[in-house]
Protein chains: 4
Amino acid sequence: MSSEFQSSQPIYMQIVDRIIIDILQEKQSLGGKMPSVREMAIKMGVNPNTIQRAYSELERMDIVETRRGQGTFVLENDDLLDQLRDSMQKEFIENYVQKMKEIGASNQQMISQLKRYLKEDE
Amino acid sequence: MSSEFQSSQPIYMQIVDRIIIDILQEKQSLGGKMPSVREMAIKMGVNPNTIQRAYSELERMDIVETRRGQGTFVLENDDLLDQLRDSMQKEFIENYVQKMKEIGASNQQMISQLKRYLKEDE
Amino acid sequence: MSSEFQSSQPIYMQIVDRIIIDILQEKQSLGGKMPSVREMAIKMGVNPNTIQRAYSELERMDIVETRRGQGTFVLENDDLLDQLRDSMQKEFIENYVQKMKEIGASNQQMISQLKRYLKEDE
Amino acid sequence: MSSEFQSSQPIYMQIVDRIIIDILQEKQSLGGKMPSVREMAIKMGVNPNTIQRAYSELERMDIVETRRGQGTFVLENDDLLDQLRDSMQKEFIENYVQKMKEIGASNQQMISQLKRYLKEDE
DNA sequence: GTGGTCTAGACCACC
DNA sequence: GTGGTCTAGACCACT
């Protein structure tokens, strides 16, 4: 039962998420060059192998490509970004809805509370 | 920079949250007796001291009281449930909004996406 | 009935009191750094966890703050000293009055005896 | 240094104090019979030997006398009681003054605070 | 080096 | 049986 604690994702996946967010926030421009594995390893404070694995995963997801001798580049795929944004949004919403349900909030309440919060925030 | 990884809350606080949710879901009735420290420790798969600390925190928050030699009891405070529900809702909303902002969603989008999701869910 | 014996406060609370007195006596300056948990543990001859608990209690009372990796510091709150002094004085007076009542002293006697004692003391 | 903690008096002396207070409060009348050693041991939840020692101490202090085959009796010594009352009062006052000094209160303050407290108490 | 958390195991007071 | 306290020793995150 104690297995639920410490439920953090593998570090390389957390890095994948972080990089995707950087791209969505346009801190990493489409078509632009990513930091080298070694650079990124220092910046993130992890082992270069961990970064390598994150980059490989991003390549598998068709988010970046590696060009031998040049480095790793973000693909210029606009649709992809939209898809990523949508899927992350969905994840966040699911998380929100699931937790609100747990404490007994109705759909109406979920929406009205959110609206109220955002208005206060302006 | 590696600091953000493994950023899970302390176990005793996770247990506090879980117990609060149990109370909100009325799995733990107001005025009712909590499992003993030792029982809960076995159920949760953690050390009794960790449960003890969680219970102490709940007592500090005026959610439970301990009666020497008898056990730990949920207070029978009617406002309590509402207060807890509100504060947890706020926490969930803040979490949702912050993450949505990170990937560049506008306030309008946060609301409309949520609505759309909830309708699909019916 | 044997319950009243050995009725000493928990060690960590005794340490809390002692530290508060040190602050009131300005042996611990406002804003100054407290001895580290380990140092204090050796000085007091108790387990570091016991000091940790005392420091946590002091933090809960808004008397000190901890800065990760730096240490524990006394807050620089000018009102703090007055508040602490008042609450401790009240505690001492209550203790005095309660004991005097137990042996049948009147309010008048409590005051006159005290005055007499203080004059002898000059 | 840890020796200062657990600084409680021996149990038999605590019992001596308690009995003296009972006499001062006239719960035990002058000249009256004390409970038997065995009775008192049960009432106090301690070993009869501990009570025996307390009674012996009280006899040494000329507060009680034992009459073979009859039991233990409080002496009818009015002066003694006054002396006891005085010495206990002195102890309480010393304790109060010493603690107030520790946190930097002046003699004037010790008196005025006490007066104020007693008035609120009426 | 700092404090924060967790475990294991002990003893105590109270019911 | 209950919770409350304390110790010893470990590992972690942060500076």
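Residues numbered from 1 in each chain as written. Chains lettered and ligands numbered in written order. Predicted model: local features only at pLDDT ≥ 70, side-chain atom pairs only at ≥ 80, totals over all residues. Heavy atoms only, no water.

Some points on the overall build of chain A
So, point 1. If you tally the helices and strands in chain A, you get five helices and two strands.
So, point 2. Put simply, chain A runs from its N terminus to its C terminus through helices and strands in the order α-α-α-β-β-α-α.
So, point 3. Over its C-alpha trace chain A gives a radius of gyration of 18 Å, far above what one expects of a compact globule, namely 14 Å for 122 residues.
So, point 4. Looking at chain A residue by residue over its 122 residues, the buried ones come to 39%.
So, point 5. Considering only contacts in chain A between residues 6 or more positions apart, those separated by 24 or more positions represent 50%.
So, point 6. Counting only carbon and sulfur atoms, one obtains 43% of the accessible surface of chain A, whose full area is about 7,200 Å².
So, point 7. Put simply, chain A has 16 plus and 20 minus side-chain charges, and the middle of one group is 3 Å from the middle of the other. (Helix = DSSP H or I, 4+ residues; strand = E, 2+ residues; numbered from the N terminus. Rg over C-alpha atoms; globule rule 2.2 N^0.38 Å. Buried < 20%, exposed > 50% of the residue type's maximum accessible area, 1.4 Å probe, protein only. Contact = heavy atoms within 4.5 Å. Areas by Shrake-Rupley, 256 points an atom, 1.4 Å probe, with all protein chains shown as cover. Lys, Arg positive; Asp, Glu negative; His and termini not counted. Charge placed at Lys NZ, Arg CZ, Asp CG, Glu CD.)

Examining the relation of the copies chain B and chain A
So, point 1. When chain B is fitted onto chain A, the two copies agree to an RMSD of 0.6 Å after a turn of 179° and an axial shift of 0.1 Å. Between the two chains, the operation in question is that of a two-fold axis.
So, point 2. The residues that chain B uses at the interface reappear at the interface of chain A in 100% of cases, marking a shared surface. (Least-squares fit on C-alpha atoms with pLDDT ≥ 70 in both.)

Topic: the interface of chain C and chain D
So, point 1. Each partner contributes residues to the interface: chain C has 41 residues there, and chain D has 43 residues.
So, point 2. Approximately 4,200 Å² of surface area, both sides summed, lies buried where chain C meets chain D, with 66% of it carried by carbon and sulfur atoms.
So, point 3. At the boundary of chain C with chain D, the tally comes to five residue pairs in polar contact (both at pLDDT 80 or more).
So, point 4. Looking at the side of chain C that touches chain D, the elements that each hand over two or more residues are α1 (11-24), α2 (37-44), α4 (78-102) and α5 (107-121) of chain C.
So, point 5. With 13 residues, α4 of chain C is the largest single contributor of residues to the side of chain C that touches chain D. (Buried area = accessible area lost by both parts, 1.4 Å probe. Polar contact = N/O pair within 3.5 Å; in protein donor to acceptor, adjacent residues only side chain to side chain.)

Considerations on the interface of chain B and chain A
So, point 1. Listed by partner, the interface residues are 41 residues for chain B and 43 residues for chain A.
So, point 2. The interface formed by chain B and chain A includes zero salt bridges.
So, point 3. At the boundary of chain B with chain A, the tally comes to five residue pairs in polar contact (both at pLDDT 80 or more).
So, point 4. Every element with two or more residues in the side of chain B that touches chain A is listed here: α1 (11-24), α2 (37-44), α4 (78-102) and α5 (107-120) of chain B.
So, point 5. The greatest single-element share of the side of chain B that touches chain A, amounting to 13 residues, is contributed by α4 of chain B.
So, point 6. Taken together, the residues of the side of chain B that touches chain A break down into 21 nonpolar, ten polar and ten charged. (Salt bridge = Lys/Arg side-chain N within 4 Å of Asp/Glu carboxyl O. Nonpolar A, V, L, I, M, F, W, Y, C, P; charged D, E, K, R; others polar.)

A look at the packing of aromatic side chains
So, point 1. Tallying each qualifying case throughout the model produces two aromatic pairs over all chains.
So, point 2. Relative to Tyr-96 of chain B, the ring of Tyr-96 of chain A lies with its centre 4.8 Å away and its plane at 15°, an arrangement referred to as stacked. Placement of Tyr-96 of chain A in helix α4 (residues 78-102) and of Tyr-96 of chain B in helix α4 is noted, with the two residues assigned to different chains. There is no split in this pair, since Tyr-96 of chain A and Tyr-96 of chain B are both buried.
So, point 3. Sitting over the ring of Phe-73 of chain A, Arg-67 of chain A keeps its end group 3.9 Å from the ring centre. (Phe/Tyr/Trp six-rings, centres within 6.5 Å; stacked < 30°, edge-to-face > 60°. Lys NZ or Arg CZ within 6 Å of the ring centre and 35° of its normal.)

A few points about the relation of the copies chain C and chain D
So, point 1. Rotating chain C by 180° and translating it 0.1 Å along the rotation axis places it on chain D, where the RMSD comes to 0.6 Å.
So, point 2. In this assembly, 100% of the residues forming the interface of chain C have copies in chain D that are likewise at the interface, indicating an isologous arrangement.

Points about the domain arrangement of chain A
Residues and elements named next belong to chain A.
So, point 1. Looking at the assigned domains, one finds that chain A contains domain 1 (11-74) and domain 2 (80-121).
So, point 2. Computed over C-alpha atoms, the centres of domain 1 and domain 2 are 28 Å apart.
So, point 3. In this complex, domain 1 contributes eight residues to the contact, which on the side of domain 2 involves five residues.
So, point 4. Note on domain 1 versus domain 2: buried area summed over both sides is about 630 Å², and carbon and sulfur give 85% of it.
So, point 5. Of all residues in domain 1, Ile-20, Leu-24 and Ile-63 give up the largest surface area on contact with domain 2, accounting jointly for 59% of the area buried on that side.
So, point 6. Across the contact surface, domain 1 and domain 2 share zero salt bridges.
So, point 7. Summed over the shared surface of domain 1 and domain 2, the number is zero residue pairs in polar contact (both at pLDDT 80 or more). (Domains from an automatic or database assignment.)

Some points on the pattern of salt bridges
Residue and element names in this part refer to chain C.
So, point 1. Evaluation of the coordinates by the stated rule reveals eight salt bridges over all chains.
So, point 2. Measuring nitrogen to oxygen at the nearest pair gives 2.9 Å for the salt bridge that ties Glu-57 to Arg-60. Placement of the pair is Glu-57 and Arg-60 together in helix α3 (residues 48-60), with a separation of three residues, close to one helical turn.
So, point 3. Classification of Glu-57 as buried rests on a relative accessible area of 18%.
So, point 4. When the shortest N-O distance is used, the salt bridge between Glu-65 and Arg-67 registers 2.9 Å.
So, point 5. According to the relative accessible area criterion, Arg-67 is partly exposed, its value standing at 32%.

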